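The residues making up each chain are set out below.
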Amino acid sequence: MPVVVFSPAKLNLFLAITGRRSDGFHELVSVVVTVDFGDTLWMEAEAPKSGEQGAGSRRAAFGLACSDPALAVDDSNLVVRAARLFAETTGWRDDVRFSLQKRIPMGAGLGGGSSNATATLRGLNMIAGRPLKAEALAGLAAQLGSDCPLFLQEAPVVMRGRGERVEVLPAAAASRLAGRRVLIFKPDISINTAWAYRRLAQAAPGSYLPPGEAEARLQAWMDDATAPAEALLFNNLEAPAFAKFLALPTLLAQLKSEYGLAPRMSGSGSACYALLPDGVPTAAVTAAIRAAWGPAAFVTEARIRG
């Protein structure tokens, strides 16, 4: 029977890039949540036919179909890369057909590719009878990308290092985030993650937030049980993105002044988000976004998982 795995989008509610490492990666402290909006990945295994030559030592074949024709479905796709890594690690030999319903826009800072890779690992592990425990799955996910391990959690997390160190946010703090309504919106442009980090590194030294200050800000928010989610929001990757793509800060300032929202950019962009009070309609905000960014702007409402 096919296995169906939900592949959620993520939002960086707090993203402090604290410095550049000697290996070229950046150190960060980030509070990341996943939402109930995302992609869907179907997968179905097919055992080799009896008597097939070399069936005991054959290499599994992986085929991928995607609803978005713009997405490559060859070996460069993270679904296929994750499947090959799983097979190499576990000795899996059955062929698997994947079908990806793509909803998360690409180049958005919403973690779509990383989420798809982790969904692949989770699904194949289920099909194979769970040969890999949580720690081993996290290790494979980290090999595929810095954002991948966070998608193994269904609660808000804190990421540190280059993203590979993931801890579940303490329950009291997570309860202030879980279930919150959020509007996610993106212009018809994408921002390259490597470009954003490179521009940040080339900027003035003050562009980084010192590690001690980042941790102090996060701890202060966690310690204050009365502080709303809005008091946590921060992203110092906004500076390079906003300097080049002026449509981003212009709209965010408009949504703040006209609707009292606290919109921010997620990750390296170009997707942005705004936390919404319950009961507040979004039609006027959506209309303002499309008036500013055009009818091709992506807009969706979701809730934070927790």
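Located above this text is the structure these notes cover.
What you see is a predicted model, and the numbers here were worked out from it, not measured in a lab.

Conventions used here
- Here the residue index of a chain counts from 1 through its sequence in written order.
- At least 70 in pLDDT is required for a residue's local features to be given in this predicted model, at least 80 for side-chain atom pairs to be given and counted, and no such filter applies to totals for whole chains, interfaces and linings, which use all residues.
- Neither water nor hydrogens contribute to the side-chain values; these are computed over all heavy atoms in the structure.
- Each aromatic pair joins two rings of Phe, Tyr and Trp (for Trp, the six-membered one) with centres within 6.5 Å, and gets the label stacked for planes under 30 degrees apart, edge-to-face for over 60, and tilted for any other angle.
- Put simply, DSSP H or I for four residues or longer makes a helix, DSSP E for two residues or longer makes a strand, and each gets a number counted from the N terminus.
- To sort residues, take the accessible area from a 1.4 Å probe on protein chains only and compare it with the maximum for the residue type: under 20% means buried, over 50% means exposed, and anything in between is partly exposed.
- In what follows, salt bridge is the name for a side-chain nitrogen of Lys or Arg lying within 4 Å of a carboxyl oxygen of Asp or Glu.
- We place a 1 Å grid over just the protein atoms. Points where a 1.4 Å probe fits but has no way out form a cavity, open points with protein on both sides within 12 Å along at least 5 of 7 lines form a pocket, and any residue with an atom within 4 Å of a point lines it.
- Grid points are joined across faces, edges and corners, and a volume is the space filled by probe spheres set on the points.
- Residue polarity is assigned by list, with Asp, Glu, Lys and Arg as charged and Ala, Val, Leu, Ile, Met, Phe, Trp, Tyr, Cys and Pro as nonpolar; anything else, Gly included, falls into the polar class.
- Strands are treated as partners if at least two bridges between them are detected by DSSP.
- If you view a crossover with the strands going away from you and the path from the first strand over the helix to the second runs clockwise, you call it right-handed.
- By convention a nonpolar core is built from buried Ala, Val, Leu, Ile, Met, Phe, Trp, Tyr and Cys residues, the set being connected through side-chain atoms within 4.5 Å.
- Contact definition: two residues touch when any of their heavy atoms are within 4.5 Å.

Engineer: Residues and numbers for the packing of aromatic side chains, please.
Structural biologist: Taken as a whole and assessed by the stated rule, the structure comprises five aromatic pairs. Measuring from ring centre to ring centre gives 5.7 Å for F14 and F234, while their planes differ by 35°; the resulting arrangement is tilted. Placement of F14 in strand β1 (residues 3-20) and of F234 in strand β8 (residues 234-235) is noted, with a sequence separation of 220 residues between them. Here F14 and F234 have matching classes, each one buried. On the numbers, 5.7 Å between centres and 45° between planes, the contact of F185 with W293 is tilted.

Engineer: I'd like a rundown of the pattern of salt bridges, residues and numbers included.
Structural biologist: Enumeration over the complete set of coordinates arrives at 15 salt bridges. Of the charged contacts in the structure, one is a salt bridge between E46 and R97, with a shortest N-O distance of 3.2 Å. Placement of the pair is E46 in strand β2 (residues 26-46) and R97 in strand β4 (residues 95-101), with a sequence separation of 51 residues. Under the relative-accessibility criterion, E46 is labelled partly exposed at 37%. For R97, a relative accessible area of 46% puts it in the partly exposed group. With a closest N to O distance of 4.0 Å, E154 and R305 form a salt bridge. Of this pair, E154 sits in the loop between α3 (134-144) and β5 (157-161) while R305 sits in the segment after β11 (298-303), and the two are 151 residues apart along the sequence.

Engineer: Outline the layout of surface pockets, listing residues and values.
Structural biologist: Each pocket or cavity is described by its volume, and for the largest pocket that value is around 1,100 Å³. What lines the largest pocket is a set of 43 residues, and nearest its centre among them are S114, D147, T193, A194 and S268. Of all elements in the fold, only β1, β2, α1 (78-90), α2 (112-127) and α5 (193-202) reach the threshold of two or more residues within the lining of the largest pocket. Of the residues contributing to the lining of the largest pocket, the split by class is 16 nonpolar, 20 polar and seven charged. By volume, the second largest pocket amounts to about 160 Å³. Lining the second largest pocket, in full, are A134, L137, A138, P149, L152, Q153, E164, V166, E167 and V168. Residue assignment for the lining of the second largest pocket shows that the elements contributing at least two residues are α3 and β6 (165-168). Grouping the constituent residues of the lining of the second largest pocket by class yields seven nonpolar, one polar and two charged.

Engineer: An account of the pairing of strand β3 (residues 62-66) is requested, with residue identities and associated values reported.
Structural biologist: Across five bridges, β3 lies against β4 in parallel orientation. Of the residues in β4, the one forming a bridge with C66 is L100. In the classification by handedness, the crossover that spans β3, the intervening α1 and the parallel β4 is left-handed.

Engineer: Residues and numbers for the pairing of strand β10 (residues 272-276), please.
Structural biologist: Across the five residues of β10, five count as buried, placing the element largely inside the fold. Burial of the side chains of β10 extends over both faces: C272, A274 and L276 are buried on one face and Y273 and L275 on the other. Inspection of the sheet shows strand β7 (residues 181-186) paired to β10 by five bridges, in the antiparallel sense. Counted as the bridge partner of I184 is Y273 from β10. Across two bridges, the pairing between strand β9 (residues 264-265) and β10 is antiparallel. Bridge pairing in β10 links M265 to C272. Two successive antiparallel strands, β9 and β10, enclose a turn made up of six residues, where G267 displays a positive phi of approximately 55°.

Engineer: Can you explain the nonpolar core? Please cite residues and give values.
Structural biologist: If you look at the biggest cluster of nonpolar residues, it comprises 35 residues, and the most contacted ones within it are L11, L13, V35 and L169. Mapped by element, the contributors of at least two residues to this core are β1, β2, α4 (171-174), β7, α6 (211-223) and β10. Every residue in contact with L11, bar those within four places of it in the chain, is listed here: V31, V32, V33, V35, L110, V182, I184, S266 and Y273. By size, the runner-up hydrophobic cluster in this structure holds 34 residues, among which are L15, F242, L255 and A288.

Engineer: So, unusual backbone geometry: which residues are in play, and what are the values?
Structural biologist: Backbone torsion omega between G269 and S270 reads 15°, so that peptide bond is classified as cis. Structurally, S270 is set in the loop between β9 and β10. For R130, which is not glycine, the phi dihedral falls at a positive 60°. Among the secondary structure elements, R130 is positioned in the loop between α2 and α3. What makes R130 exposed here is its relative accessible area of 51%.

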